[in-house]
Amino acid sequence: MNLVESRVTIIITYALLGIAAFIALFPIVLMLLNSLKTTPEIALSPLGMPEVAHWNNYANAWKGANFTRTFFNSAVLMFMTIALVLTTGSLTAYVLARKKIKSWKIVTVYLLATTTAPIQLFLFPLYFGFAKLGLINNIFAVSFVYCAIFSPFSIMLLRTYFLAVPKELEEAALVDGATPWQVFSKVYLPLVWPGILTVSLIVGLYTWNEFLIATTFLQGPESRTAVVSYFLLSGQYSRDWGDLMAGAMLVSTPIVVLFIFLQRRFIEGITGGSIKG
Amino acid sequence: MYRLFAIPTLIINVSIILLPALLTVVLAFYRWDGISNPTFIGFENFEKLWGDRIFWKALKNNVIWTALFLTFPIAIGLIAASLLMLVRRGRTFFQVVYFLPMIIATVITARIWQGMIYNPQSGIVAMLNRYGYDVRDPLSQTSTALYGVAVADLWHWWGFMAVIFFAAMRQVSQEQIESARIEGANYFQLMRWVMIPAIMPTIALMMVMTVIWSFLVFDFIFIMTQGGPAFTSEVLSTMAYRKAFYELGVGYAAATALVISLFGLTAAFFYIRLQNREDAE
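Rules of the game
- Residues numbered from 1 in each chain as written.
- Chains lettered and ligands numbered in written order.
- Predicted model: local features only at pLDDT ≥ 70, side-chain atom pairs only at ≥ 80, totals over all residues.
- Heavy atoms only, no water.
- Helix = DSSP H or I, 4+ residues; strand = E, 2+ residues; numbered from the N terminus.
- Buried < 20%, exposed > 50% of the residue type's maximum accessible area, 1.4 Å probe, protein only.
- Contact = heavy atoms within 4.5 Å.
- Areas by Shrake-Rupley, 256 points an atom, 1.4 Å probe, with all protein chains shown as cover.
- Lys, Arg positive; Asp, Glu negative; His and termini not counted.
- Charge placed at Lys NZ, Arg CZ, Asp CG, Glu CD.
- Rg over C-alpha atoms; globule rule 2.2 N^0.38 Å.
- Buried area = accessible area lost by both parts, 1.4 Å probe.
- Salt bridge = Lys/Arg side-chain N within 4 Å of Asp/Glu carboxyl O.
- Polar contact = N/O pair within 3.5 Å; in protein donor to acceptor, adjacent residues only side chain to side chain.
- Nonpolar A, V, L, I, M, F, W, Y, C, P; charged D, E, K, R; others polar.
- Axes fitted to C-alpha atoms, helices over the stretch in contact; angles between N-to-C directions.
- Parallel < 35°, antiparallel > 145°, perpendicular 65-115°, else oblique.
- Domains from an automatic or database assignment.
- Left-handed = near helix turned anticlockwise from the far one by under 90°.
- Phe/Tyr/Trp six-rings, centres within 6.5 Å; stacked < 30°, edge-to-face > 60°.
- Lys NZ or Arg CZ within 6 Å of the ring centre and 35° of its normal.
- Arc of directions from axis to C-beta.

Asker: Is there a simple way to think about the overall build of chain B in this case?
Answerer: Within chain B one finds 14 helices and two strands. In terms of its C-alpha atoms, chain B occupies a principal-axis envelope of roughly 75 × 70 × 35 Å. When burial is assessed residue by residue, chain B has 59% of its 281 residues classed as buried. In chain B, once contacts between residues fewer than 6 apart in sequence are set aside, the share between residues at least 24 apart is 68%. Summing over all exposed atoms, chain B offers an accessible surface of approximately 12500 Å²; the carbon and sulfur share of this is 65%. If the 19 positive side-chain charges of chain B are averaged to one point and the 16 negative ones to another, these points end up 5 Å apart.

So this is what it looks like as structure tokens:
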């Protein structure tokens, strides 16, 4: 069914949607354009086209932010966090979805409450505790912090996938003598993989982009993430904006490409649980 | 047996979040520089907060921030979503474009706005100056710094609202929409009397979340202004961070964190009620 009949209304609607799209894209285009320009060119006009593509900016940014090392750190941190969230989270999501145990209500409320807790509420003792244990600059330890922070929403999202699996499958497997572990790993896991994929993407995205925890716990030049390294590079006084925009392109391009190919899963994952009705 | 399945999650969550959170509550009653032994000082940290001008400034900024984000992104999101309902082609394209700023790291977004838009040497501001418009870098002015940061945050945020509201609007029953159309409702009447009431639960949830997130806001302000100039864009979370790590006042920072949590907790109470109500249905 069409909501509108008139051609004029449709044209105005598209014009407004186009303006909104322009606003969303404008700063991103500025990043792209100026990543290929020299500083004098940028000072002349941030909107002008680069006279010649200055790919050198990318090499400078790569060196300046030590991306060889810091991209590797970000990737390791990302995969460890995803692995931790998936192994611990899918187990919990399964029992929360399928087992009727009295204390589950408390667990659910506790997990929901932690998603709304400010990081500052636990950051300071956690930092000094980690410092005491020698865990500062330890990427593996930080992946546990991310796991704690990203688990609750991952569990809530995965739970909906477990709920969608017909109960009869589990009952049949149990009648055939399967153990609880077998039911989980052989019956459920193969069926909830779309949820697993969605959660991996979102947790990966959040870990790659995360700033507050990373800048607090990973300060050493050898353990920094790409985002923190970029932050430090761009915080210096001499500002070559061409290099800085090239660095910005380097950090965000992998994410943007992945998003464009898998946008449905990203959007579903990030907005999941927000639509009520 | 099944209880065991939840154990790893709970161990990690309790040791990273719950225990340190409880320690923060205790620390709020101590003076501690993070190195030597903490000294118990009762309510002194809270009394100091009460008399701290920067604390009140930060709290006021959090309230302004909440007000900004309760109105602009939700209004823009609702308008964009309702416009998307009107078109057939390009829905996916517009959604992807609106959502794109959301997935770019805050550090990157902040630097683009600082360098390419606000910067008086290299940004759009510089260009406008050359054309004779008297605009200044909002981040360097005490009266506008907070709003300068808010605009950058808003830019990356409204698309998220638009996508959520659009998804909610698509679930509104076709019959309701059709009967309203048959009775001759125009676009505005349709939105006012059918769409918005139908997606009210989603709007309510987003408003509650907005309040929570507004009291947690940290990244954009810390990266773009560090709370400056002269603390005019300071919020509670950047203030707590500065106290703990730059001024060695961990107990004072803990007390500030408790105040943030108090606002968060009130909103969280409504959040959990909304979430559970849906589960019960």
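Asker: Any chance you could explain the overall build of chain A here in plain terms?
Answerer: Helices and strands together make up the secondary structure of chain A, namely 14 helices and zero strands. The helix and strand sequence of chain A, counted from the amino end, reads α-α-α-α-α-α-α-α-α-α-α-α-α-α. At 23 Å, chain A has a C-alpha radius of gyration far larger than the 19 Å of a compact globule built from 277 residues. By its C-alpha atoms, chain A is 75 × 70 × 35 Å across when sized along the principal axes. Within the span of chain A, comprising 277 residues, buried residues form 56% of the whole.

Asker: When you look at the interface of chain A and chain B in this model, what are you seeing that I'm missing?
Answerer: Opposite the 103 residues of chain A that make contact, chain B presents 102 residues. Of the roughly 9000 Å² buried at the junction of chain A and chain B (both faces included), carbon and sulfur atoms supply 76%. The tally of links from chain A across to chain B stands at zero salt bridges. Counting across the interface, chain A meets chain B through 16 residue pairs in polar contact (both at pLDDT 80 or more). Take the side of chain A that touches chain B: its biggest share by element is 17 residues, from helix H1 (residues 7-34) of chain A. Broken down by class, the residue content of the side of chain A that touches chain B amounts to 72 nonpolar, 24 polar and seven charged.

Asker: For this particular structure, what's the right way to read the packing of helix H14 (residues 263-271) of chain A against helix H8 (residues 145-170) of chain B?
Answerer: Here H14 of chain A crosses H8 of chain B at 90°, and the two axes come no closer than 11 Å. As the angle between them shows, H14 of chain A and H8 of chain B are arranged roughly perpendicular. Residues Ile267, Ile270 and Thr271 of chain A of H14 of chain A form the contact with H8 of chain B, whose participating residues are Phe160, Val163 and Ile164 of chain B. Residues that form the contact of H14 of chain A with H8 of chain B fall into these classes: five nonpolar, one polar and no charged.

Asker: What's the story with the domain arrangement of chain A in this structure? I'm lost.
Answerer: Accessible area lost upon the coming together of the parts serves often as the stated size of an interface. Segmenting chain A into domains produces domain 1 (7-56) and domain 2 (67-235). Here the C-alpha centroids of domain 1 of chain A and domain 2 of chain A sit 36 Å apart.

Asker: What should I look at first to understand helix H9 (residues 180-188) of chain A in this one?
Answerer: Three or four residues apart is the spacing at which side chains of an α-helix point the same way, because the helix has 3.6 residues per turn. Those residues of H9 of chain A lying buried are Pro180, Val183, Phe184, Ser185, Val187 and Tyr188 of chain A. Elements in contact with the buried residues of H9 of chain A: helix H4 (67-98), helix H7 (139-163) and helix H8 (167-175) of chain A together with helix H1 (2-5) of chain B.

Asker: Which parts of the structure should I look at to understand the packing of helix H13 (residues 241-261) of chain A against helix H5 (residues 91-103) of chain B?
Answerer: Helix-helix packing is described using two parameters, namely the angle between the two axes and the distance between the axes. Where H13 of chain A meets H5 of chain B, the axes come as close as 11 Å, and the angle between the chain directions of the two elements is 145°. Where H13 of chain A crosses over H5 of chain B, the two elements pack in a sense that is right-handed. Of the residues in H5 of chain B, those in contact with Ile255, Val256 and Phe259 of chain A of H13 of chain A are Val96, Phe99, Leu100 and Ile103 of chain B. By residue class, the composition of the contact of H13 of chain A with H5 of chain B is seven nonpolar, no polar and no charged.

Asker: How do you make sense of the pattern of salt bridges when you look at a structure like this?
Answerer: Pairing between side chains of opposite charge can happen when their charged atoms approach one another. Inspection of every chain in the model, using the stated rule, returns six salt bridges over all chains. Here arginine 69 of chain A makes a salt bridge to glutamate 222 of chain A, at a shortest N to O gap of 3.7 Å. Of this pair, arginine 69 of chain A sits in helix H4 while glutamate 222 of chain A is found in the loop between helix H11 (212-217) and helix H12 (226-235), placing the two residues 153 residues apart along the sequence. Relative accessible area serves as the criterion here: at 32%, arginine 69 of chain A is assigned to the partly exposed category. One salt bridge in this structure joins arginine 31 of chain B and glutamate 44 of chain B, with 3.0 Å as the shortest N-O distance.

Asker: How do you make sense of unusual backbone geometry when you look at a structure like this?
Answerer: Peptide bonds are trans in most cases, and residues, glycine excluded, mostly fall at negative phi. The amide bond that connects glycine 228 of chain B to the next residue, proline 229 of chain B, takes the cis arrangement and shows omega of -10°. Along the chain, proline 229 of chain B falls in the loop between helix H12 (219-224) and helix H13 (236-245). Phi angles above zero are rare outside glycine, and asparagine 137 of chain A is one such case at about 70°. A relative accessible area of 35% places asparagine 137 of chain A in the partly exposed class.

Asker: Help me understand the packing of aromatic side chains, please; the structure alone is not making it clear to me.
Answerer: Here the distance between the centres and the angle between the planes together describe a pair of aromatic rings. Across all of its chains, the model carries 58 aromatic pairs over all chains by this definition. When the ring of phenylalanine 162 of chain A is compared with that of phenylalanine 184 of chain A, the centres are 6.2 Å apart and the planes differ by 20°; the resulting orientation is stacked. Placement of the pair is phenylalanine 162 of chain A in helix H7 and phenylalanine 184 of chain A in helix H9, with a sequence separation of 22 residues. Judged by relative accessible area, which is 0%, phenylalanine 162 of chain A ranks as buried. By relative accessible area, which is 2% here, phenylalanine 184 of chain A ends up buried. Taking the ring centre of tyrosine 2 of chain B as reference, the NZ or CZ of lysine 99 of chain A above it sits at 4.1 Å. Note that lysine 48 of chain B overlies the ring of tyrosine 252 of chain B, its terminal NZ or CZ placed 4.3 Å from the centroid.

Asker: Quick question: what am I supposed to make of helix H9 (residues 174-182) of chain B here?
Answerer: Residues and elements named next belong to chain B. Taken as a whole, H9 has its buried residues at Ile177, Ala180 and Arg181. Axial view of H9: buried residues confined to an arc of 100°, hence all on one face. Opposite the packed face of H9, turned more than 90 degrees from it, sit the exposed residues Glu175 and Ile182. Contacts from the buried residues of H9 go to helix H10 (187-198). Within two residues after H9, glycine 184 carries a phi angle of roughly 85°, on the positive side.

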